[in-house]
Amino acid sequence: TLSTKAWYLHANREGKLFFRNVQNLVAKLKTTAESYNRESQLKELRTRLSDMFAPALKDCYQDVLVFPPVDEIAIKPERVTLAICEPATDGLLHKDLQEFYKNLEYKNRILFLTGQRDTLETLLEVAAELRAITAIIGEMDSEKIAANDPQRVAANDLSDKITQRLLSAARETFTTLVYPHMDGLKSADFLMNFKDNAYKGEQQIRETLKSKQKFTEDITDDTFRKKCEDRLFTNKV
């Protein structure tokens, strides 16, 4: 529409359009987002993904690492780590992560979330837009722009839409959960479901692992006890 494509077109409190020699919100968002380099985009995406997958129950995993360098992954025997990784070109784990897991002592203490490489750049671009609109709203706060000001209302609406796009792009990117199984790794399809711009990654990690019988909440009945005995006491007398 004209109101979104014309960079110097503004609206007053009555909704009437007029031109000013100042960029409007859409133009400012675009120029601000494009000013961020790749490292800034990655930093923003790390923050957003860390929030999305932050564990609350902490019974499935306790730590989250987003795009970690392999040499900075420190696995602890008493904690499980979820590593959210940049997808490789073939949709699998990068070879350096596969080698890391091969040499890992505590193989049952890490999960990997990965997926589609071809959508990662779009995800980074949306992350930059989210960082830009957050900065713009911050400026409005510092300038004490009223909550009912048309530009402020438009900024809040735009923030919600960009957040929705970020979740959609993340869902298209992170489609595979890789988890330890016996002496190797297995993968499961991972579907990110969200509602009202809210996402609970921990819950869906738990549900995915439950479906693969890799995680259970039911630890009181005889079935669980027998399963543990079968795995721990392999030598039958």
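All of the points below concern the structure found in this document. Treat the numbers as computed from the prediction; the structure is a model and nothing was measured. (Residues numbered from 1 in each chain as written. Predicted model: local features only at pLDDT ≥ 70, side-chain atom pairs only at ≥ 80, totals over all residues. Heavy atoms only, no water.)

Some points on the sheet that holds strand 3 (residues 63-66)
What counts, and what does not: Any two strands are treated as partners once DSSP identifies two or more bridges connecting them. Runs of H or I in DSSP of at least four residues are treated as helices and runs of E of at least two as strands, each being numbered from the N terminus. Angles here are taken between N-to-C directions and fall from 0 to 180 degrees, while the axes themselves are lines fitted to C-alpha atoms, restricted in helices to the stretch in contact. Any two residues whose heavy atoms approach within 4.5 Å are treated as being in contact.
One open sheet holds the five strands; their spatial order is 3-4-5-6-7, and the pairing between them is mixed. Each edge of the sheet is formed by a strand with only one pairing partner; in this case those strands are strand 3 and strand 7 (184-189). On average, each strand axis in the sheet is inclined to that of its neighbour by 25°, with strand direction left out of account. Sheet topology note: the strand 4 (residues 81-84)/strand 5 (residues 110-115) ladder contains four bridges and is parallel. Bridge pairing in strand 5 links Thr-81 to Ile-110. Sheet strands in contact with helix 6 (residues 150-173) are strand 5 and strand 6 (174-181), and its direction is about 45° off that of strand 6.

Quick notes on the side chain of Arg-206
We apply this condition: With a 1.4 Å probe rolled over the protein chains alone, any residue whose accessible area is under 20% of its type maximum counts as buried; one over 50% counts as exposed, and the rest are partly exposed. Whenever a nitrogen or oxygen atom comes within 3.5 Å of another N or O atom, the pair is scored as a polar contact, on the condition that within protein one atom can donate a hydrogen and the other can accept it, and that pairs from neighbouring residues in sequence are kept only if both atoms are in side chains.
Take Arg-206: it is sitting in helix 7 (residues 201-211). Accessibility expressed as a relative area gives 5% for Arg-206, which makes it buried. In this structure the side chain of Arg-206 is engaged in a polar contact, spanning 2.9 Å, whose partner is the side chain of Asp-59. Sequence-distant contacts of Arg-206, defined by excluding residues within four places in its chain, comprise Leu-57, Asp-59, Cys-60, Phe-215 and Glu-217.

A closer look at unusual backbone geometry
Backbone geometry at Phe-67 places phi at a positive 50°, although glycine is not the residue there. By the secondary structure assignment, Phe-67 is in the loop between strand 3 and strand 4. The class for Phe-67 is buried, based on a relative accessible area of 7%.

Regarding helix 7
For helix 7, the complete set of buried residues consists of Gly-201, Glu-202, Gln-204, Ile-205, Arg-206, Thr-208 and Leu-209. Buried residues along helix 7 sit in contact with helix 3 (38-52), strand 4, strand 5, strand 6 and strand 7. Directly after helix 7, the chain includes Gln-213, whose backbone phi takes a positive value near 55°.

A closer look at the side chain of Thr-208
Locating Thr-208 in the fold gives a position in helix 7. Here Thr-208 falls in the buried class, since its relative accessible area comes to 10%. Apart from residues lying up to four places away in sequence, Thr-208 is in contact with Leu-177, Ala-188, Asp-189 and Phe-190.

Quick notes on the pairing of strand 4
On strand 4, burial covers both faces: Thr-81 and Ala-83 on one face and Leu-82 and Ile-84 on the other are all buried. In this sheet, strand 4 lies alongside strand 3 in parallel orientation, the contact comprising four bridges. Across the sheet, the residue bridging to Val-64 is Leu-82, located in strand 4.

So, the pattern of salt bridges
Cut-off, in case you're wondering: We define a salt bridge as a contact between a side-chain nitrogen of Lys or Arg and a carboxyl oxygen of Asp or Glu at a distance within 4 Å.
Enumeration over the complete set of coordinates arrives at 13 salt bridges. Across the pair Glu-86 and Arg-117 runs a salt bridge whose closest N-O atoms are separated by 3.2 Å. Residue Glu-86 is located in the loop between strand 4 and helix 4 (95-102), and its partner Arg-117 is located in the loop between strand 5 and helix 5 (120-142); the two are separated by 31 residues in the primary sequence. What makes Glu-86 partly exposed here is its relative accessible area of 21%. Its relative accessible area of 29% is what places Arg-117 among the partly exposed residues. One salt bridge connects Glu-207 with Lys-210, and the closest N-O pair in it is separated by 3.6 Å. You can see Glu-207 and its partner Lys-210 sitting in helix 7, three residues apart, about one turn around the helix.

Observations regarding the nonpolar core
To be explicit about the condition: We call a set of buried residues a nonpolar core when its members are Ala, Val, Leu, Ile, Met, Phe, Trp, Tyr or Cys and they connect through side-chain atoms within 4.5 Å of each other.
Membership of the largest hydrophobic core comes to 48 residues, with the highest contact counts inside it found for Phe-53, Ile-133 and Ile-205. Secondary structure elements with two or more residues in this core: helix 2 (25-34), helix 3, strand 4, strand 5, helix 5, helix 6, strand 6 and helix 7. In terms of residues, this core owes the most to one element, helix 5, which gives twelve residues. The residues touching Phe-53, leaving out its near neighbours within four places in the chain, are Tyr-61, Val-64, Leu-82, Ile-84, Leu-113, Phe-190, Met-192, Tyr-199, Gly-201 and Ile-205.

Without other data, these values stay purely geometric and don't point to any function.
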